[in-house]
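What the coordinates show
Residue-level listing of the chains:
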Amino acid sequence: MTDASDPLLSGYRRFREHSWPEAKAEYEALAQGQTPHTLIVACSDSRADPALIFDAAPGQLFVVRNVANLVPPYQPDGQLHGVSAALEFGVKVLNVSRIVVMGHAHCGGVNAMLNGTPDSCSDFVAPWVAQAAPVVRMICESLPAEDPGRLAEETVVRLSIENLRTFPWIAERERAGKLTLSGLHFGIADGTLRALNGPGRFEPLA
Ligand SMILES: [Zn+2]
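Residues numbered from 1 in each chain as written. Predicted model: local features only at pLDDT ≥ 70, side-chain atom pairs only at ≥ 80, totals over all residues. Heavy atoms only, no water.

1. Things to note about the overall build of the chain
Helix and strand counts for the chain come out as 8 helices and 6 strands. The N-to-C order of helical and strand elements in the chain reads α-β-α-β-α-β-α-α-α-α-α-β-β-β. Over its C-alpha atoms the chain spans a radius of gyration of 18 Å, differing by no more than 12% from the 17 Å that the globule rule assigns to 206 residues. Over its C-alpha atoms, taken along the principal directions, the chain stretches across nearly 55 × 45 × 40 Å. Sorting the 206 residues of the chain into buried and exposed places 36% on the buried side. Considering only residue pairs separated by 6 or more positions, the chain has 64% of its internal contacts joining residues 24 or more positions apart. (Helix = DSSP H or I, 4+ residues; strand = E, 2+ residues; numbered from the N terminus. Rg over C-alpha atoms; globule rule 2.2 N^0.38 Å. Buried < 20%, exposed > 50% of the residue type's maximum accessible area, 1.4 Å probe, protein only. Contact = heavy atoms within 4.5 Å.)

Structure below.
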């Protein structure tokens, strides 16, 4: 990473020149430990970055990103569960008071649930999105929607929240009023968030 035209290198240099002097004390304090208020499960998509959307400072958000913002069900079987490991650490060690699942418009991962994965992605993407594909397809086939893609993206957010509740230590904390679970959908083209309300509908966030 030595090419001056490399966007990562030039970005790092801007960070060091402009952001670091102001944030130095904050980072030094954060080196003692983190106390993020919220754990966010978001998509890996480069256009839906939680830290930018919530204008968050370092240390505020504990972010888990994966293809299609999926939370698999609780399955403590000794296998390699990256999402579940992050949830366990965020909830049990960092004691976050809120978990937010944020889906987004034009999600390629959700689209793959409806229309199939690219042939080149059969090793991991296909089985990863397959965990939610049957539910998403069933909902999209049974509910006529102006925008099936958006309905599918909203369905994935609902499903991820349902799966969060299969983790006993999440469900217990939610019942005890120590943890809240929320769902959001980010519209890339208009920069707005819509929130999942009690009756299960997504409405614009004021
Ligand atoms: Zn996505």
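2. What to know about the side chain of His104
Positionally, His104 belongs in strand S3 (residues 98-104). For His104, a relative accessible area of 1% corresponds to the buried category. The contact partners of His104, leaving out residues within four places of it in the chain, are Cys43, Asp45, Arg47, Ala48, Asn69, Glu153, His185, Phe186 and Ile188.

3. Considering the nonpolar core
Of all hydrophobic cores here, the largest spans 22 residues; its most connected members are Leu39, Leu87, Ile99, Leu164 and Ile170. Here the element with the most residues in this core is helix H3 (residues 82-93); it accounts for 4 residues. Filtering out sequence-adjacent residues up to four positions away, Ile170 remains in contact with Val91, Ile99, Leu164, Leu179 and Leu181. If you look at the next biggest cluster of nonpolar residues, it comprises 16 residues, including Cys43, Cys107, Met113 and Ala152. (Core = buried A, V, L, I, M, F, W, Y, C linked by side-chain atoms within 4.5 Å.)

4. Quick look at the coordination of the zinc ion
Taken together, Cys43 (SG), His104 (NE2) and Cys107 (SG) make up the protein donors of the zinc ion, found 2.0 to 2.3 Å from the metal. Of note, the zinc ion draws all its donor residues from one chain, in the sequence arrangement C-x60-H-x2-C. Placement of Cys43 in strand S1 (residues 38-43) and of His104 in strand S3 is noted, with a sequence separation of 61 residues between them. Neither Cys43 nor His104 differs from the other in exposure class; each is buried. (Donors = N, O, S within 2.8 Å, 3.2 Å for Na, K, Ca; no water.)

5. Re the packing of helix H4 (residues 108-115) against helix H7 (residues 148-164)
Between H4 and H7, the least distance of the axes is 9 Å, while the angle of their chain directions is 105°. Judged on the interaxial angle alone, H7 and H4 are roughly perpendicular. Counted together, Val110, Met113 and Leu114 of H4 and Pro148, Gly149, Ala152, Glu153 and Val156 of H7 form the full contact between these two elements. Residues that form the contact of H4 with H7 fall into these classes: 6 nonpolar, 1 polar and 1 charged. (Axes fitted to C-alpha atoms, helices over the stretch in contact; angles between N-to-C directions. Parallel < 35°, antiparallel > 145°, perpendicular 65-115°, else oblique. Nonpolar A, V, L, I, M, F, W, Y, C, P; charged D, E, K, R; others polar.)

6. Examining unusual backbone geometry
Residues other than glycine seldom take positive phi values, yet Asp55 does so here, at roughly 45°. Structurally, the position occupied by Asp55 is in the loop between helix H2 (50-53) and strand S2 (61-66). One non-glycine residue, Ala68, lies in the positive phi region at around 75°. Checked against the element boundaries, Ala68 lands in the loop between S2 and H3.

7. Concerning the sheet that holds strand S6 (residues 202-204)
Pairing in this open sheet of 6 strands is mixed, and the strands run S2-S1-S3-S4-S5-S6 from one edge to the other. Here the strands that pair on one side only, and so sit at the sheet edges, are S2 and S6. Sheet twist, expressed as the mean angle between neighbouring strand axes with direction ignored, is 30°. As paired strands, S1 and S2 are joined by 6 bridges and run parallel to one another. Its bridge partner lying in S2, Cys43 is registered against Asn66. (Pairing = 2+ DSSP bridges.)

8. Structural notes on helix H6 (residues 133-142)
All buried positions along H6 are accounted for by Ala133, Val136 and Cys140. Down the axis of H6, the buried side of the element spans an arc of 70°, and every buried residue falls inside it. Those residues of H6 that are exposed and angled more than 90 degrees off the buried face are Pro134 and Glu141. In this structure, the buried residues of H6 make contact with H4, helix H5 (125-130) and H7. (Arc of directions from axis to C-beta.)

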